[in-house]
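Listed below, chain by chain, are the residues.
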Amino acid sequence: MFTRSDFSVWSILKKCIGLELSKITMPIAFNEPLSFLQRITEYMEHVYLIHRASRQTQPLERMQSVAAFAVSAVASQWERTGKPFNPLLGETYELIREDLGFRFISEQVSHHPPISAFYSEGLKQDFAFHGSIYPKLKFWGKSVEAEPRGTITLELLGHNEAYTWTNPTCCVHNVIIGKLWIEQYGVVEILNHRTGDKCVLNFKPCGLFGKELHRVEGHIQDKNKKKLFIIYGKWTECLWGIEPASYESFRKQEKRGDQLRKAQLDGGPERPDSDVADDMPVAQETVQVIPGSKLLWRINSRPPNSAQMYNFTSFTVSLNELESGMEKTLPPTDCRLRPDIRGMENGNMDLASQEKERLEEKQREARRERAKEETEWRTRWFYPGDNPYTGASDWLYAGDYFERNFSDCPDIY
């Protein structure tokens with residue numbers, strides 16, 4: 001990883017308080033050597049949770065596994081403070097993992113606003129997982145907030161079931177001074193469209209003394225809003241579940257203990273907002289496991305040198321790997337062939353910067369040409385349509401990518 005200490009982010013960002021960040025060019029030192037399309041592929045790291053959901057016979061158990069998958073999909077963002085490269089219009093990324101039982105394809109289908117569409121399927125035809133994501137980035141003076149708009153859909157084909165949800169908001173603190181740190185917050189609702197069951201997950205903001213940092217709490221309810229199951233844990237660590245009755249009695253006991261402690265420890269004043277860094281709260285002791293809980297998911301441990309490697313997981317480290325012979329089978333639009341990302345991965349920052357500028361200029365030139373000739377950009381693997389379950393506008397997979405006819409792919413690099 002390259003040091004970012006030689007750059008003043010403030011000189012770039014002070015012009016953009018409250019603005020949309022997708023239009024601002026950032027120095028390459030703030031990037032990580034992956035495209036946002038590859039970052040989306042990281043949702044698949046814990047794909048075994050989808051396979052597990054497919055095998056389960058009861059809808060309540062399936063929802064538990066789907067909820068664990070939805071939380072695991074954001075887990076790789078922990079401590080990931082580098083910015084992925086913005087995909088070029090028409091850029092694609094594919095990943096086939098026979099060992100993990102899936103294949104995945106994504107395409108950048110729009111540049112303004114930036115929209116990335118993806119589609120993944122189980123190699124045994126047990127699931128389809130797809131969606132379109134257009135992160136809205138806002139700068140708030142000390143932090144950058146990414147609100148991931150767009151619906152995510154998971155279909156369990158053997159059960160004729162579909163689940164939909166939207167990811168939580170991600171916030172990177174201390175973009176100006178201090179140590180960068182990340183939190184996710186917001187309510188994620190996962191709906192089973194066949195049964196009407198819903199899982200409501202509350203990603204907690206860290207709170208004044210950091211007590212809630214990384215915490216997730218929620219429940220599964222049936223269509224009449226009756227609570228069937230309680231879920232709790234941390235998106236950086238693990239997720240547990242328990243029957244509502246056991247949960248309630250545990251909480252009651254805890255409350256009695258808390259009231260005694262509170263009487264002894266009445267809190268101090270709130271601290272005002274100032275120019276100092278937002279200290280990263282010290283992560284509290286690991287998740288307190290309530291007796292009788294069952295483990296739904298635990299994060300994979302990262303490789304020992306992860307901190308020097310942009311805090312990538314073992315899964316992420318492999319995403320840009322260009323194995324011999326791959327060029328012959330990949331389309332010319334695949335991220336692995338993108339010269340600025342490759343330059344950065346190889347440690348040549350000057351080349352990476354020059355290539356990034358060249359590619360952006362090439363993209364602008366192509367846009368001017370289309371405007372002159374009054375032609376529309378044509379997406380290759382996805383088309384705009386309505387999500388079949390929510391009715392919201394979405395991008396749907398057109399099929400045929402894995403037939404490997406790449407003759408009319410655009411020349412974007």
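Residues numbered from 1 in each chain as written. Predicted model: local features only at pLDDT ≥ 70, side-chain atom pairs only at ≥ 80, totals over all residues. Heavy atoms only, no water.

In the annotation of an unreviewed UniProt entry, the entry for the protein reads Oxysterol-binding protein, and the organism field reads Octodon degus. Recorded in UniProt under Sequence similarities (unreviewed entry), the annotation for the protein is "Belongs to the OSBP family." (UniProt positions renumbered as here; feature names shortened; annotations may be inferred.)

(A) Region of the structure containing the overall build of the protein. Across its full length, the protein carries nine helices and 18 strands. Taking contacts inside the protein between residues at least 6 apart in sequence as the whole, the part at least 24 apart equals 60%. (Helix = DSSP H or I, 4+ residues; strand = E, 2+ residues; numbered from the N terminus. Contact = heavy atoms within 4.5 Å.)

(B) Highlighting the pairing of strand S7 (residues 143–149). Pairing of strand S6 (residues 127–139) with S7 involves six bridges; the strand directions are antiparallel. Residue Lys138 lies in a different strand from S7, and its bridge partner there is Glu145. Connecting S6 to the next strand, S7, in antiparallel fashion are three residues, including Gly141 with a positive phi near 95°. Note that S7 and strand S10 (residues 169–173) share four bridges and pair antiparallel. Note on S10: the bridge partner recorded for Val144 is Val172. (Pairing = 2+ DSSP bridges.)

(C) Main features of the pattern of salt bridges. Applying the stated criterion across every chain, the model contains 26 salt bridges. A salt bridge links Arg80 to Glu32; its shortest N-O distance comes to 3.0 Å. Taken together, the positions of Arg80 in the loop between helix H4 (59–75) and strand S2 (83–85) and Glu32 in strand S1 (residues 31–35) put the pair 48 residues apart, joining distant regions of the chain. Glu32 matches Arg80 in its accessibility class, with the two residues each being buried. Note that Lys372 is salt-bridged to Glu369, the shortest N-O span being 3.3 Å. Remark: Glu369 and Lys372 occur in helix H9 (residues 349–373); sequence separation between them is three residues, near one turn of the helix. (Salt bridge = Lys/Arg side-chain N within 4 Å of Asp/Glu carboxyl O. Buried < 20%, exposed > 50% of the residue type's maximum accessible area, 1.4 Å probe, protein only.)

(D) Region of interest: helix H3 (residues 48–55). Along H3, the residues classified as buried are Leu49, Ile50, His51, Ala53 and Ser54. Against the buried residues of H3 lie H4, S6, strand S8 (152–156) and strand S16 (294–298).

(E) A look at the packing of H3 against H4. The interhelical angle for the contact between H3 and H4, taken along N-to-C directions, is 170°, at an axis separation of 8 Å. Taken together, the axes of H3 and H4 are roughly antiparallel relative to one another. Across the interface between the two elements, Leu49, Ile50, Arg52 and Ala53 from H3 touch Arg62, Ser65, Val66, Ala68, Phe69 and Ser72 from H4. Among the residues forming the contact of H3 with H4, the class breakdown is six nonpolar, two polar and two charged. (Axes fitted to C-alpha atoms, helices over the stretch in contact; angles between N-to-C directions. Parallel < 35°, antiparallel > 145°, perpendicular 65-115°, else oblique. Nonpolar A, V, L, I, M, F, W, Y, C, P; charged D, E, K, R; others polar.)

(F) Inspection of the side chain of Asp340 at higher detail. Mapped onto the elements, Asp340 comes out in helix H8 (residues 339–345). A polar contact of 2.8 Å, which involves the side chain of Asp340, links it to the side chain of Arg338. With near-sequence residues (within four places) excluded, Asp340 lies in contact with Phe85, Ala352, Glu355, Lys356 and Leu359. (Polar contact = N/O pair within 3.5 Å; in protein donor to acceptor, adjacent residues only side chain to side chain.)

(G) Quick look at the packing of aromatic side chains. The full count for this structure, using the stated rule, is 14 aromatic pairs. Their ring planes at 85° and their centres at 5.2 Å tell us that Phe69 and Phe129 sit as a pair that is edge-to-face. One end of the pair, Phe69, is in helix H4; the other, Phe129, is in strand S6, and 60 residues separate them in sequence. Residue Phe129 is classed as buried on the basis of its relative accessible area, which comes to 0%. Considering the side-chain rings of Phe118 and Phe129, the 5.2 Å spacing of their centres and the 55° angle between planes classify their relative orientation as tilted. Here Phe118 is found in strand S5 (residues 115–122), whereas its partner Phe129 is found in strand S6, with 11 residues between them in sequence. For the pair formed by Phe118 and Phe129, the shared burial category is buried. A cation over an aromatic ring shows up here: Arg103 above the ring of Phe402, its NZ or CZ 4.1 Å from the ring centre. Here the guanidinium or amino end of Arg380 rests over the ring plane of Trp381, the centre of that ring lying 4.0 Å away. (Phe/Tyr/Trp six-rings, centres within 6.5 Å; stacked < 30°, edge-to-face > 60°. Lys NZ or Arg CZ within 6 Å of the ring centre and 35° of its normal.)

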